[in-house]
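Architecture at a glance
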Amino acid sequence: MGNRFKRCLNGTCTIFTVLVLVFYIFGYYVSIAKQPAMTGGMITALFFASMCFSFSSLCLSVKKIPRPIAYLLHCACCVAAAYLLYVNVLGKGATPSGKMVCIVLTLVIYTVTMLVRGAIISAIEKRKDA
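Residues numbered from 1 in each chain as written. Predicted model: local features only at pLDDT ≥ 70, side-chain atom pairs only at ≥ 80, totals over all residues. Heavy atoms only, no water.

1. What about the side chain of Ser-54?
Within the element layout of this structure, Ser-54 appears in helix α2 (residues 40-61). Taking relative accessible area as the criterion, Ser-54 reaches 4% and is therefore assigned buried. Ignoring any residue separated from it by four or fewer positions in sequence, one finds Ser-54 in contact with Arg-7, Cys-8, Gly-11, Thr-12 and Ile-15. (Helix = DSSP H or I, 4+ residues; strand = E, 2+ residues; numbered from the N terminus. Buried < 20%, exposed > 50% of the residue type's maximum accessible area, 1.4 Å probe, protein only. Contact = heavy atoms within 4.5 Å.)

So this is what it looks like as structure tokens:
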């Protein structure tokens, strides 16, 4: 379990570094003052979103967890990460309805993505069997 935790933490740090770089570059080119404006809360939200993304991949890789529970945890982590990015980092969704729209859209996008992923994986497995 320690090796999986180490992989999860490494993934978190990698995703966090990339997200901070992207948001700093985005903030620099969008702002009129040409200065990225990231607060401590935004950086913290980025770290926790990175941790959620990394933990979600860990959930799918652990074979001891039943598949339905693993996919439920994966979905919850992805939605939590998108929520953190949308509400805390981008500053959107100041109203409860905005937050709900974020969650619903994330669930729809997640469902479509996982259905496409499942179709691709089943097509690849069918080719291997043939």
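2. Considering the packing of aromatic side chains
Going through the model one piece at a time under the given rule, you end up with two aromatic pairs. Judged by centre distance (5.6 Å) and plane angle (80°), the ring pair of Phe-16 and Phe-47 falls under edge-to-face. Of this pair, Phe-16 sits in helix α1 (residues 2-30) while Phe-47 sits in helix α2, placing them 31 residues apart in sequence. According to the relative accessible area criterion, Phe-47 is partly exposed, its value standing at 25%. Ring geometry for Phe-47 versus Phe-48: centroids 5.9 Å apart, planes at 70°, classification edge-to-face. Taking the relative accessible area as the measure of exposure, Phe-48 reaches 42% and is therefore partly exposed. (Phe/Tyr/Trp six-rings, centres within 6.5 Å; stacked < 30°, edge-to-face > 60°.)

3. Focus: the packing of helix α3 (residues 67-89) against helix α4 (residues 96-129)
Any two packed helices are characterised by the angle at which their axes cross and by the distance between the axes. It is at 9 Å that the axes of α3 and α4 come closest, and there the two elements cross at 135°. The pairing of α3 with α4 is recorded here as oblique in orientation. Taken as a pair, α3 and α4 cross one another with a handedness that is right-handed. Of α4, the residues touching α3 (which contributes Tyr-71, His-74, Cys-75, Cys-78, Val-79, Ala-82, Tyr-83, Tyr-86 and Val-87) are Gly-98, Lys-99, Cys-102, Ile-103, Thr-106, Leu-107, Tyr-110, Met-114 and Arg-117. (Axes fitted to C-alpha atoms, helices over the stretch in contact; angles between N-to-C directions. Parallel < 35°, antiparallel > 145°, perpendicular 65-115°, else oblique. Left-handed = near helix turned anticlockwise from the far one by under 90°.)

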